[in-house]
Amino acid sequence: MSSASTRAHRALVDARPEVLWLDTPDRPDPGRTLCGGTRADLVIVGAGFTGLWAAIQAKEDDPARTVVVVEAGRVSEQASGRNGGFCSSSLTHGLDNGVARFPSEMARIEELATENFAGIAATIERYGIDCDWQPTGGLTVATAPWLVDDLHEQVELTRRFGHDVEFLDRDAIRDRVASPTYEAGVVQRTGEAIVDPARLGWGLADAARSLGVEIYERTPMLGLARSGAGMAVRTESGTIHCGAVVLGTNAFKSPIGAINRTIAPVYDYVLATEPLSADQLASIGWSGREGISDTTNQFHYYRLTADNRILWGGYDAIYHFGSKIDPSLDQRDETHQVLAEHFFETFPQLEGLSFSHRWGGVIDTCTRFSVTFGTSFDGRVAYAVGYTGLGVGATRFGARVCLDLLFHPDSELLSLRMVKRKAIPFPPEPVRWAGIELTRKALAKADANEGRRGPWLRLLDSLGLGFDS
């Protein structure tokens, strides 16, 4: 074992296989389970961000509307409570992806993104949600000389859409955050925040309950069916008859076949360190406390927490044959080891620091890298899926579109191409698994070859297809 591997292994020895955000003594106790049948105007399946934002907005739209949320596990237990804690205003997984796919609409989409981002902050304030919301801005860093030109292009594009952004040369970025791997950076002061995602979810659930929403945890949906002019949502403990349904099921298997074809559950992995001492924190600077990401295909994301841990994640995006999801896959020693090695390459001055937590979870990736929408059962069911890792902010918008699909057919949002046009589905197995594995290897090869994209990636680019986490 190399010295780098030994150092990483030693730092991981005592890491708990738990999600940092959820591993807290003041996590809310599980809510009640549905017992018997009931009725509602609207049923929302999933108590993650999409479902909770839908519940709040549905009641704010119409306080008389009866709204029920059913959740298979606990509030914000899956992707919404185990992500990196970044909140971007982007609705399209970044401006470059949005411009490539919806060029004629991007000015309007960015207006909506700004409104949506402000709406998140306003909701947090209005309901007094204690979730460590900090609009710190974000840093993007180039870790190799060949990546620097991409940052110049990013600055030009981001400024064109009204953001406050600045290019930082090698000395400037290293003065801001001390890492020997940085060659350049970009600071974006608008449209980027950090947040404790689990506490945001718990706060949204409390806000929904304060508006009269009924939330049933540990109540998995078993099926959907028509019931007269409405719908029937069947659960283990009773059937809910309702007028309409919003599905916020993320990467999990859905009774709607179109959803299962559209998304692929991809596992992403994360580490969190023990809290840094004052001297350790001083050794890296980072006084702005921005969220940071690098620009390679296999990218890393990292940020400081409220108690000065460093959360460090990304790089691998692991798909399991047959779209398998299982709690046993939340831990992956190989990926956690690689992440730890990369951490100490980035911050060698923190040698001796240990990791306190290690975890993973599924992301609902899709071929266009951003949320896609649809309806089923003659428009009585609406869904928003495929956020591909930038859902903390975009889920509020996704929920709004779902409600408009169900209740506001004249909404301007429904005329947007990004709403009307669906993501191209992934192929069925075994082609799905083979294609994703081939793409993962091609992305790694491109990173090792100064970004030069081989024939497979160029083909996917020409077709407007992709794979990411």
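Not measured: the values here are computed from a predicted model.

**Regarding a negative patch on the surface**
A contiguous patch of negative charge, built from Asp149, Asp150, Glu153 and Glu156, is present on the exposed surface. Mapped onto the fold, Glu156 is located in helix 6 (residues 148-160). Glu156 sits in the exposed class, given a relative accessible area of 58%.

**Some points on the environment of Ile284**
Inspection of the secondary structure puts Ile284 in helix 10 (residues 278-284). Since its relative accessible area comes to 1%, Ile284 is described here as buried. For the pair Ile284 and Leu403, spaced 119 residues apart in the sequence, the C-alpha separation amounts to 45 Å. Non-local contacts of Ile284, meaning those with residues more than four positions away in its chain, are made with Arg176, Val177, Ala178, Leu276, Ile310, Phe347, Gln349 and Leu350.

**Quick word on the pairing of strand 11 (residues 238-247)**
For strand 11, the buried fraction is high: seven of the ten residues fall into the buried class. In terms of strand pairing, strand 1 (residues 38-45) meets strand 11 through seven bridges, oriented parallel. Across the sheet, the residue bridging to Val43 is Val245, located in strand 11. With five bridges joining them, strand 10 (residues 230-235) and strand 11 adopt antiparallel strand pairing. Looking at strand 11, one finds that Thr235 is bridged to Gly238. The antiparallel pairing of strand 10 with strand 11 creates a hairpin that spans two residues between the two strands. Of the pairings in the sheet, the one linking strand 11 to strand 19 (residues 381-385) comprises three bridges and is parallel in character. Directly across from Val245, in strand 19, lies its bridge partner Val381.

Cut-offs used in this document
- Residues numbered from 1 in each chain as written.
- Predicted model: local features only at pLDDT ≥ 70, side-chain atom pairs only at ≥ 80, totals over all residues.
- Heavy atoms only, no water.
- Patch = residues over 30% accessible without salt bridge, like charges linked within 9 Å, V, L, I, M, F, W, Y side chains within 5 Å.
- Areas by Shrake-Rupley, 256 points an atom, 1.4 Å probe, with all protein chains shown as cover.
- Salt bridge = Lys/Arg side-chain N within 4 Å of Asp/Glu carboxyl O.
- Lys, Arg positive; Asp, Glu negative; His and termini not counted.
- Charge placed at Lys NZ, Arg CZ, Asp CG, Glu CD.
- Helix = DSSP H or I, 4+ residues; strand = E, 2+ residues; numbered from the N terminus.
- Buried < 20%, exposed > 50% of the residue type's maximum accessible area, 1.4 Å probe, protein only.
- Contact = heavy atoms within 4.5 Å.
- Pairing = 2+ DSSP bridges.

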